[in-house]
Amino acid sequence: MRIQQGLLEQGQKLYEQMSTEDKVLSDPVIWPFGMAMRIGGYTPAIENECLILRSCPICPVGKGNYSTKYQKETAVYWGCPHCQNITE
Ligand SMILES: [Zn+2]
């Protein structure tokens with residue numbers, strides 16, 4: 001399923017409010033999507049202080065290696081900032 005548009009808009013708004021210095025350090029695609037996921041109640045899964053990534057099953061091969069592991073309640077989800085899909 002696609003992430004709700006309203007959540008993405010909130011993430012985008014927060015990105016726009018960041019200082020220029022912070023923006024330089026934050027990817028304009030990945031950061032707003034990650035924030036939208038958090039607002040939607042998805043918590044990024046962390047392993048050895050790193051996000052857990054996999055290639056996205058929906059994006060073209062080699063283009064979507066940023067599908068990120070999230071948890072919501074007891075379920076595991078993967079969110080891709082490029083195609084903006086949340087998959088189980
Ligand atoms: Zn994707």
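Since the model is a prediction, treat every value here as computed from it, not as a measurement.

Draft legend 1. How the structure looks around the overall build of the protein chain. Helices and strands together make up the secondary structure of the protein chain, namely 3 helices and 7 strands. Along the chain direction, N to C, the helices and strands of the protein chain fall in the order α-α-α-β-β-β-β-β-β-β. Its C-alpha atoms give the protein chain a radius of gyration of 13 Å, within 12% of the compact-globule value 12 Å for 88 residues. On the principal axes, the C-alpha backbone points of the protein chain span a range of 35 × 30 × 30 Å. Residue burial in the protein chain is summarised as follows: out of 88 residues, 23% are buried. Sequence-distant contacts, at least 24 apart, represent 51% of the contacts inside the protein chain between residues at least 6 apart.

Draft legend 2. Up close: helix 3 (residues 30-39). Of the positions making up helix 3, those classed as buried are Pro32, Phe33, Gly34, Ala36 and Met37. Among the structural elements, helix 1 (5-17), strand 1 (43-44), strand 5 (67-72) and strand 6 (75-79) are those in contact with the buried residues of helix 3. Residue Gly41 follows helix 3 closely and has a positive phi angle near 95 degrees.

Draft legend 3. Main features of the environment of Cys83. You can see Cys83 is positioned in the loop between strand 6 and strand 7 (86-87). Taking the number of C-beta atoms within 10 Å as the measure of exposure, Cys83 has 17 and is therefore partly exposed. The spacing of Cys83 and Gln5 is 78 residues in sequence and 12 Å in space, taken between C-alpha atoms. For Cys83, the contacting residues outside a window of four places in its chain are Cys56, Ile58, Cys59 and Gly64.

Quick notes on the rules
Residues numbered from 1 in each chain as written. Predicted model: local features only at pLDDT ≥ 70, side-chain atom pairs only at ≥ 80, totals over all residues. Helix = DSSP H or I, 4+ residues; strand = E, 2+ residues; numbered from the N terminus. Rg over C-alpha atoms; globule rule 2.2 N^0.38 Å. Buried ≥ 20, exposed ≤ 12 C-beta atoms within 10 Å, placed from the backbone. Contact = placed C-beta atoms within 7 Å.

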